[in-house]
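Letter by letter, the chains look like this.
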Amino acid sequence: MNAQKPASFFGGANSSLHEIAASPPDLAPIYVPLNESAKWFGVSRDTIYRARKRGHLKIYKAGSRSVLKVSEVKYWIEHR
């Protein structure tokens, strides 16, 4: 019995492991610190707090840090 991995497991029949390793996956963060909102999204902390007050965004806590869920902020920016 010949147990082989499918070609798609390594990125296709013509891909080598070296080629796959040369292009790492996009590892975008799921949450970002509130104090970095201007850097990540181009909006100020005050704007984020106003959006929270209006019920458009939720601010989460990670220990003592306030964080924003990236997907929620992107959705809010696209639909405001």
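Structure shown above.
In this text, all values refer to a predicted model and were calculated from it rather than measured experimentally.

Student: Tell me what's going on with the environment of V70, and back it up with residues and numbers.
Tutor: Mapped onto the secondary structure, V70 falls in helix α4 (residues 70–79). Sequence spacing of V70 and V32 is 38 residues, and the spatial spacing of their C-alpha atoms is 6.7 Å. Excluding residues that lie within four positions of it along the chain, V70 makes contacts with P29, I30, Y31, V32 and F41.

Student: Explain the side chain of T47 to me, and be specific about the residues and the numbers.
Tutor: Position of T47 among the secondary structure elements: in helix α3 (residues 45–53). For T47, a relative accessible area of 16% translates into the label buried. Contact partners of T47, with chain neighbours within four places excluded, come to W76 and R80.

Student: Any details on the sheet that holds strand β3 (residues 65–69)? Residues and values, ideally.
Tutor: What holds strands together in a sheet is hydrogen bonding between their backbones, with the strands either parallel or antiparallel. With respect to topology, 3 strands assemble into an open sheet ordered β1-β3-β2, the strand pairing being antiparallel. On the outer flanks of this sheet lie β1 (31–33) and β2 (59–62), each paired with one strand and no other. Neighbour-to-neighbour, the strand axes of the sheet open up by a mean angle of 45 degrees, direction not taken into account. In this sheet, β3 lies alongside β2 in antiparallel orientation, the contact comprising 4 bridges. Each residue of the ladder has a partner; that of I59, found in β3, is L68. Strand contacts of α4: β1, β2 and β3, with the helix running at about 60 degrees to β3, the strand carrying the most contacts.

Student: I'd like to hear about α3, residue by residue, with values.
Tutor: Every buried residue of α3 is listed here: T47, I48 and A51. The buried residues of α3 occupy an angular sector of 100 degrees when the element is viewed end-on, so they sit on one face. Of the exposed residues in α3, those oriented more than 90 degrees away from the buried face are D46 and K53. Among the structural elements, α2 (37–41), β2, β3 and α4 are those in contact with the buried residues of α3.

Student: Which residues make up the nonpolar core, and what values go with them?
Tutor: In terms of nonpolar packing, the biggest core is built from 12 residues, these being V32, L34, F41, V43, I48, A51, L57, I59, L68, V70, V73 and W76. Where this core is concerned, the elements lending two or more residues are α3 and α4. The dominant element in this core, judged by the number of residues it contributes, is α4, at 3 residues. Residues within four places of V73 in sequence aside, it is in contact with F41, L57 and L68.

Student: Any details on α4? Residues and values, ideally.
Tutor: If you check which residues of α4 are buried, you get V70, V73 and W76. Taken end-on, α4 shows its buried residues confined to a sector of 130 degrees, consistent with a single buried face. Away from the buried face of α4 by more than 90 degrees, exposed residues Y75, E78 and H79 are located. Against the buried residues of α4 lie β1, α2, α3 and β3.

About the cut-offs
- For every chain, the first residue of the written sequence is number 1, and numbering continues from 1 along that sequence.
- Per-residue local features are limited, in this predicted model, to residues with pLDDT of at least 70; the limit for side-chain atom pairs, both in listing and counting, is 80 or more; totals at the level of whole chains, interfaces and linings are taken over all residues.
- Heavy atoms throughout the structure, all of them, feed into the side-chain values; hydrogens and water do not.
- Every helix listed is a DSSP run of H or I at least four residues long, and every strand listed is a run of E at least two residues long, numbered separately from the N terminus.
- Throughout, a residue-residue contact means that at least one pair of heavy atoms, one from each residue, lies within 4.5 Å.
- Exposed residues in this analysis have more than 50% of their type's maximum accessible area, buried residues have under 20%, and partly exposed residues fall in between, with area computed by a 1.4 Å probe over protein chains only.
- Strands pair, by our definition, only if DSSP identifies at least two bridges between them.
- To obtain each axis, a line is fitted to C-alpha atoms, and for helices this fit is confined to the stretch in contact; angles are then taken between N-to-C directions over 0 to 180 degrees.
- Within this analysis, the arc is defined by the directions that extend from the helix axis to the C-beta atoms.
- Each nonpolar core is a collection of buried residues, namely Ala, Val, Leu, Ile, Met, Phe, Trp, Tyr and Cys, held together in the definition by side-chain atoms within 4.5 Å.

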